Amino acid sequence: MDIIEVRNLVKIFNHDIKAVDEITFNVKKGEIFGFLGPNGAGKTTTISMLCTLLKPTSGEARICNYDINSQQNKVRKCLGLVFQDSTLDDRLTARENLELHARLYGVPKEKRNKRIDQVLKMVELKDKEKSIVKTFSGGMLRRLEIARGLIHYPKILFLDEPTLGLDPQTRKHVWDYIVKLKKEYKMTIFLTTHYMEEADELCDRIAIIDHGKIIDLDTPKKLKDGLGGDTIILDVNDKDIDKTLKIYKNAKRFDGQIILSVKNAGKQIQKVLEKCRKNKIEVVEANIRKPTLNDVFLKMTGREIREEDVGLKEQLRRRSKHRFRGH
Amino acid sequence: MSEIEAVYTVWLREMIRYFRQKERIISSLVMPIFWLLIFGGSMRSSIDIGNVDYRSFITPGVIAMSLMFTSVMSGISIIWDKELGFMKEMLVSPVSRLSIVIGKALGTSTTAIIQGLMVMLISIAIGLKISLVTFLLIVPIMLLISLGLVGIGISIGSLMNNIEGFQLIMNFLVMPMFFLSGALFPINNLPIFLRIITYIDPLTYGVELLRYMIIGTSSIPIVVNFLIVSGFSSLTIISSVWLFSRRH
C-alpha cells in the first residue's frame with residue numbers, strides 16, 4: 001500500500017472547465033514526488049482535492065489509507081500544507097502563528113513548546129519568534145510556513161510551488177530544508193512546481209502534467225534518458241564551418257554554431273576536439289548540453305513550460321475565483 | 001474535547017488581534033462619547049421623555065450602537081481571513097466548520113462586550129448611576145444581543161469575497177437598524193408607520209432590554225424583549241453556521 005493513491009481523479013469547474021482530467025498515480029512512502037507543469041495545468045487543483053479543500057467531481061484518492069471524501073478529518077490530520085500564497089496571520093508573531101497551528105491540530109500542551117522550538121530552529125527563525133509576521137521577507141514567510149506545516153508531525157508534506165517568487169539564494173535555502181526533511185525525518189513530500197531545475201534537483205519521481213492530464217511519470221533521469229543523448233555545441237571559426245560539417249555528416253548548423261548529437265557528451269567531447277585539431281579547425285568554444293526536463297516537456301507537448309508564464313495573470317484570476325468553492 | 005480546544009483557539013486569535021490594535025479600540029470610542037456628551041447633553045432640554053433625563057435615556061442606545069458596530073465586524077473579519085489566506089489554514093485543519101464559526105462568533109462578541117462595557121464606564125464617569133448587580137447582569141445580555149449581530153455579519157461575510165461589497169450591504173443594514181431601533185427616541189412618540197418599522201427591527205428589542213436594565217423602564221414588556229432577542233440570535237447564528245459550512 002502506498003501513502004498516496006489516486007484513481008481517476010477528475011475536477012470540472014463550472015460544468016465545462018476540466019481542470020483535472022482522470023489522473024491516476026501513487027506516491028511511495030518517504031519519496032519526494034513532484035508535479036511539474038505550466039501554470040494552470042491542474043497542479044493546485046489536485047493538491048486542493050487531496051487536502052480536502054475541494055470536492056472532486058469524480059474519482060477517488062486515499063491519503064495514509066484514509067478516503068479523501070469520507071474521512072476528511074483523518075486525512076487533514078496526517079497532512080502538512082504549504083500553500084502558494086501565505087496563509088499566516090500577519091498581525092501575529094511567528095511563535096503565535098505556530099502556537100495557533102499546534103492547537104488547531106490538537107498537539108498536547110506539554111509537547112507544544114518543544115515542537116515549536118524544534119521547528120523554529122530547523123528553519124533558523126528562532127531569533128525572530130517574537131517578531132510580527134508582517135515584517136518578514138518572502139523567504140522568511142515561506143520558511144515559517146514550512147515550519148508550521150511540520151508542527152503536528154504530518155506523514156506527508158504538501159508544498160504548492162514552494163519557491164515561487166523567491167530569489168535564487170533563498171530558493172536554494174528552501175531546497176536544502178526540503179532535502180533535510182526527507183533525509184532526517186523520512187517524510188513523504190508532494191510538491192508542485194513549474195521550475196524545471198527545482199523538479200530535477202529535488203524529486204525522486206516526477207509526474208509531468210499538462211491540461212489536467214499526467215503525460216509522463218518517472219524519475220528525472222529516466223525522463224531525460226528517454227530523449228536519447230546529449231548535445232555538443234561547437235563554436236568554430238567562420239571559415240571552418242563548412243569543413244566541420246563535412247567531417248560530421250549528421251551535425252546541424254544553427255545560428256553560426258555546430259550542433260552534434262551524441263550518446264555521452266562527457267566522453268565524446270575529447271575525441272571531437274582532437275579531431276578538430278587534426279583537421280586544423282579552430283574551435284572558439286565547445287559546450288556540452290545535457291537534456292533538461294524542459295526538453296522532455298517540449299517533446300511531449302510541443303511547447304516550452306516557460307511560454308505559459310504569460311498566462312499567469314489569467315491563471316491567478318481563475319484560481320482566486322475557485323479558491324473558496326467546494327466545502 | 002479537541003473541538004472545544006479549536007473554538008478556544010479561534011477565539012484566542014481574535015483576542016490577540018483585538019488587543020494588538022489599540023488605536024482602533026480608542027477610535028471606536030469616539031463616536032459613543034460624541035453621542036453621550038454632545039448629543040445627550042445638548043438635546044437634554046428639547047426632548048421630553050418623562051422623568052428620565054435624555055442622556056440616561058440614550059445610554060442603552062449608545063451601548064447598543066457600540067455592540068452593533070463591533071459585532072458586524074465579524075463579517076469583515078471572515079472576508080479578511082479569506083484575503084489574508086488564514087482562512088485556508090483553518091479550513092484544512094482537522095477542525096469542524098461549526099467550531100470555526102462558534103470561535104469567531106464568541107471572539108467578536110467578546111470584543112463587542114468589551115466595547116460596550118467601556119461605553120458603560122464612560123457613562124458612569126459622566127454621571128450614570130447603576131448598581132454592581134446590574135453592571136454584572138448586563139454582560140450576558142450584551143452577549144445575547146451581540147451574538148445576533150455577529151450572526152448577521154458572518155452570514156453575509158460567508159457569501160461575499162470582497163470587503164467593498166460587504167460594506168455596501170452593511171451600510172444599508174446597519175445604519176437603518178440603528179436609527180430605527182428607538183435607541184435615540186422613545187418608540188411611543190413615533191407616528192404609527194415608523195412605529196411598525198421599529199417593531200420589525202430586531203435591534204429595538206435589544207435596546208429595550210438594555211434600557212430596562214439601565215434605567216428600569218421599557219416600553220415593551222421585558223419578557224417579550226428577551227424572547228425576541230434570544231430567538232433572533234439563535235436564528236442568525238444557525239444561519240451563519242449553515243452558510244459558512246455550505247460555502248467553505
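Every value quoted in this text rests on a predicted model; they were computed, and no experiment measured them.

Things to note about the overall build of chain A
Right, on to step 1. Along chain A, the regular secondary structure elements total 12 helices and 14 strands.
Right, on to step 2. With respect to the three principal axes, the spread of C-alpha positions in chain A is 75 × 50 × 40 Å.
Right, on to step 3. Burial analysis of chain A (327 residues in total) assigns 39% to the buried set.
Right, on to step 4. A separation threshold of at least 6 residues defines the contact pool for chain A, and within that pool the share at least 24 residues apart is 70%.

Side note on the interface of chain B and chain A
Right, on to step 1. Each partner contributes to the interface: chain B provides 23 residues, whereas chain A provides 23 residues.
Right, on to step 2. Looking at the side of chain B that touches chain A, the elements with two or more residues in it are α1 (2-20), α5 (73-84) and α6 (86-91) of chain B.
Right, on to step 3. Among the elements that take part in the side of chain B that touches chain A, α1(B) stands out by supplying 8 residues, more than any other.
Right, on to step 4. For the side of chain B that touches chain A, a count of residues per class yields 9 nonpolar, 6 polar and 8 charged.

Here we look at the sheet that holds strand β2 (residues 17-27) of chain A
All names here are of chain A.
Right, on to step 1. What the 4 strands build is an open sheet, ordered β2-β1-β4-β5; its pairing is antiparallel. Edge positions in the sheet fall to β2 and β5 (66-67), since each of these pairs with one other strand and no more.
Right, on to step 2. When strand β1 (residues 4-13) meets strand β4 (residues 58-63), the two strands line up antiparallel, connected through 5 bridges. For Val-10, the partnering residue across the bridge sits in β4 and is Ser-58.

Regarding the pairing of strand β3 (residues 32-36) of chain A
All names here are of chain A.
Right, on to step 1. The element β3 is extensively covered by neighbouring structure, given that 5 of its 5 residues are classed as buried.
Right, on to step 2. Because side chains alternate across β3, one face comprises the buried residues Ile-32, Gly-34 and Leu-36, and the other comprises Phe-33 and Phe-35, equally buried.
Right, on to step 3. Bridge count between β3 and strand β8 (residues 188-193): 5 bridges; the pairing is parallel. Looking at the pairing, Phe-35 lines up with Thr-192 of β8.
Right, on to step 4. Sheet topology places β3 next to strand β9 (residues 205-210); 4 bridges connect them, and they run parallel. Its bridge partner being in β9, Gly-34 is matched across the sheet by Ile-206.

Re the sheet that holds strand β14 (residues 283-289) of chain A
Residues and elements named next belong to chain A.
Right, on to step 1. On the basis of which strands lie adjacent, the open sheet formed by 4 strands has the order β12-β13-β11-β14 and antiparallel pairing. Every interior strand has two partners, whereas the edge strands, β12 (252-254) and β14, have only one. Taken over all neighbouring pairs, the strand axes of this sheet differ in orientation by 25° on average, direction set aside.
Right, on to step 2. Taken together, the 5 bridges between strand β11 (residues 230-236) and strand β13 (residues 257-262) define a ladder with antiparallel strand orientation. Bridge assignment links Leu-234 to a residue of β13, and that residue is Ile-258.
Right, on to step 3. Packed onto the sheet, helix α10 (residues 265-278) meets β11, β13 and β14 and runs at close to 165° relative to β14.

Let's talk about the nonpolar core
Considering soluble globular proteins, one finds that nonpolar side chains tend to be buried as a cluster.
Right, on to step 1. Counting residues in hydrophobic clusters, the biggest one holds 128 residues, and the most contacted among them are Phe158(A), Ile189(A) and Ala64(B).
Right, on to step 2. The element that contributes the greatest number of residues to this core is helix α8 (residues 132-159) of chain B, accounting for 10 residues.
Right, on to step 3. Ile232(A), Leu234(A), Ala265(A) and Val272(A) belong to the second-largest nonpolar core, a separate cluster that totals 8 residues.

Here we look at the domain arrangement of chain A
Right, on to step 1. Taken as a whole, chain A is organised into domain 1 (4-224 + 297-322) and domain 2 (229-289).
Right, on to step 2. Computed from C-alpha coordinates alone, the two centres of domain 1 of chain A and domain 2 of chain A are separated by 43 Å.

Considerations on unusual backbone geometry
Residue and element names in this part refer to chain A.
Right, on to step 1. One non-glycine residue with positive phi stands out, namely Glu-124, at about 55°.
Right, on to step 2. As for its position among the elements, Glu-124 is in the loop between α4 (109-122) and α5 (138-150).
Right, on to step 3. Judged by C-beta crowding, with 13 C-beta atoms within 10 Å, Glu-124 ranks as partly exposed.
Right, on to step 4. In this model, Tyr-153 sits at a positive phi of 50°, which is unusual for a non-glycine residue.
Right, on to step 5. Inspection of the secondary structure puts Tyr-153 in the loop between α5 and β7 (156-160).

Thresholds, definitions, all that
- Residues numbered from 1 in each chain as written.
- Chains lettered and ligands numbered in written order.
- Predicted model: local features only at pLDDT ≥ 70, side-chain atom pairs only at ≥ 80, totals over all residues.
- Helix = DSSP H or I, 4+ residues; strand = E, 2+ residues; numbered from the N terminus.
- Buried ≥ 20, exposed ≤ 12 C-beta atoms within 10 Å, placed from the backbone.
- Contact = placed C-beta atoms within 7 Å.
- Nonpolar A, V, L, I, M, F, W, Y, C, P; charged D, E, K, R; others polar.
- Pairing = 2+ DSSP bridges.
- Axes fitted to C-alpha atoms, helices over the stretch in contact; angles between N-to-C directions.
- Core = buried A, V, L, I, M, F, W, Y, C linked by C-beta atoms within 7 Å.
- Domains from an automatic or database assignment.

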